Amino acid sequence: MTVAVIRHAALEGQDHYIVRQLAEEICRGLRSKDYISEAIAIYNFVLARTRYMRDPRTTELIRAPHVVCRELLAGKTPNLDCDDMTALILALLLATGCSCAAVTVAFKNMVHAGQQQYSHVFAQAYEPRTGTLLVLDPVANVNIPQMLSRVVVAKVWPVA
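Rules used in this analysis
- Residues numbered from 1 in each chain as written.
- Predicted model: local features only at pLDDT ≥ 70, side-chain atom pairs only at ≥ 80, totals over all residues.
- Heavy atoms only, no water.
- Helix = DSSP H or I, 4+ residues; strand = E, 2+ residues; numbered from the N terminus.
- Buried < 20%, exposed > 50% of the residue type's maximum accessible area, 1.4 Å probe, protein only.
- Contact = heavy atoms within 4.5 Å.
- Areas by Shrake-Rupley, 256 points an atom, 1.4 Å probe, with all protein chains shown as cover.
- Lys, Arg positive; Asp, Glu negative; His and termini not counted.
- Charge placed at Lys NZ, Arg CZ, Asp CG, Glu CD.
- Axes fitted to C-alpha atoms, helices over the stretch in contact; angles between N-to-C directions.
- Parallel < 35°, antiparallel > 145°, perpendicular 65-115°, else oblique.
- Left-handed = near helix turned anticlockwise from the far one by under 90°.
- Nonpolar A, V, L, I, M, F, W, Y, C, P; charged D, E, K, R; others polar.
- Core = buried A, V, L, I, M, F, W, Y, C linked by side-chain atoms within 4.5 Å.
- Polar contact = N/O pair within 3.5 Å; in protein donor to acceptor, adjacent residues only side chain to side chain.
- Salt bridge = Lys/Arg side-chain N within 4 Å of Asp/Glu carboxyl O.

**Student:** Sorry if this is basic, but what is going on with the overall build of the chain here?
**Tutor:** The number of helices and strands found in the chain is six helices and eight strands. Along the chain, from the amino end to the carboxyl end, the secondary structure elements read α-α-α-β-α-β-α-β-β-β-β-β-α-β. Taken over 160 residues, the chain has a buried fraction of 42%. Looking at the chain alone, contacts between residues at least 24 apart form 66% of all its contacts between residues at least 6 apart. Put simply, the chain shows about 8,800 Å² of open surface, and 51% of that area lies on carbon and sulfur atoms. Distance between charge centroids for the chain: 3 Å, based on 16 positive and 14 negative side chains.

**Student:** Would you explain the packing of helix α2 (residues 17-26) against helix α4 (residues 65-73) in this entry?
**Tutor:** The description of two helices packed together rests on the angle between their axes and the distance between the axes. Where α2 meets α4, the axes come as close as 8 Å, and the angle between the chain directions of the two elements is 50 degrees. Judged by the inter-axis angle, α2 sits oblique to α4. Crossing handedness for the pair α2 and α4: left-handed. Here I18, V19, Q21 and L22 of α2 come into contact with α4, specifically with P65, H66, C69, R70, L72 and L73. Of the residues that constitute the contact of α2 with α4, the class distribution is seven nonpolar, two polar and one charged.

**Student:** How do you make sense of the nonpolar core when you look at a structure like this?
**Tutor:** Buried together is how nonpolar side chains tend to be arranged in soluble globular proteins. Counting 46 residues, the largest nonpolar core has I26, L88, L90, L92, L93 and L136 as its most contacted members. Element by element, the count of residues in this core is highest for helix α5 (residues 82-95), at 11 residues. Discounting residues that sit within four places of it in the chain, I26 has contacts with A41, I42, F45 and L92.

**Student:** Would you explain the environment of C98 in this entry?
**Tutor:** Tracing the backbone through its elements, the reader meets C98 in the loop between α5 and β3 (99-106). Distance in space between the C-alpha atoms of C98 and Y126 is 6.9 Å, their sequence separation being 28 residues. Those residues in contact with C98, other than ones at most four positions away along the chain, are L93, A125 and Y126.

**Student:** Got a minute to help me understand the side chain of E71 in this structure?
**Tutor:** Locating E71 in the fold gives a position in helix α4. A distance of 2.4 Å separates a polar atom in the side chain of E71 from a polar atom in the side chain of R63.

**Student:** Explanation requested: the pattern of salt bridges in the structure shown.
**Tutor:** Oppositely charged side chains may form a pair once their charged atoms are brought near each other. Taken as a whole, this structure holds four salt bridges when the rule is applied. Between E24 and R20 there is a salt bridge whose closest N-O contact spans 2.8 Å. One end of the pair is E24 and the other is R20, both in helix α2 and four residues apart, which spans about a single turn. What makes R20 partly exposed here is its relative accessible area of 36%. Salt-bridge contacts for D34 lead to R31; the nearest nitrogen and oxygen are separated by 2.9 Å.

Listed below in C-alpha cells is the structure:
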C-alpha cells in the first residue's frame, strides 16, 4: 500500500465537482458549521453504501474517488478495499473543507529493507473547534476500539 497514491487520489478528488456534489448531498440535512456531524455523515454514508472487497492477490488497486462518487450517485454499490475507502472518505472530507489525514497501521512489527510495513489504512478527521480527532474506518466499522487496541505501529499522513 502506498500512502502517496491515496493522498494524491484524495487531493485530486476534492477538485472534482461530482465529489463536492456527493458531499453536499450527504450533508444536506445538517446544521451549518456542524463539522463533526459532517465527518460522521460522510463516514456513515460510505459504510452504508459500499462493500468491502480485497484487491486481487498480486495487484494493489486504488480507485479514483470521483469515479466512485459517480457510481454512488448512480445508485450502485462499489466494492472497495481500505485504500479505496480511505481515499474516498478523504476526498469527501476535503471537499467540505475538513482537515484530515490518512493513518497507516501495522498489527505486527514487520520491517522489510529498513522500512516499516503497514497492513491497513484509514481516514482521520480533525474538528477545529474542539480539537477532536475522529477515526473513520469503515472496514473496522463498530469495532474501531478493538482495531485500535491491536495496533503496534501507526503513522499519520496529513492530507491537506
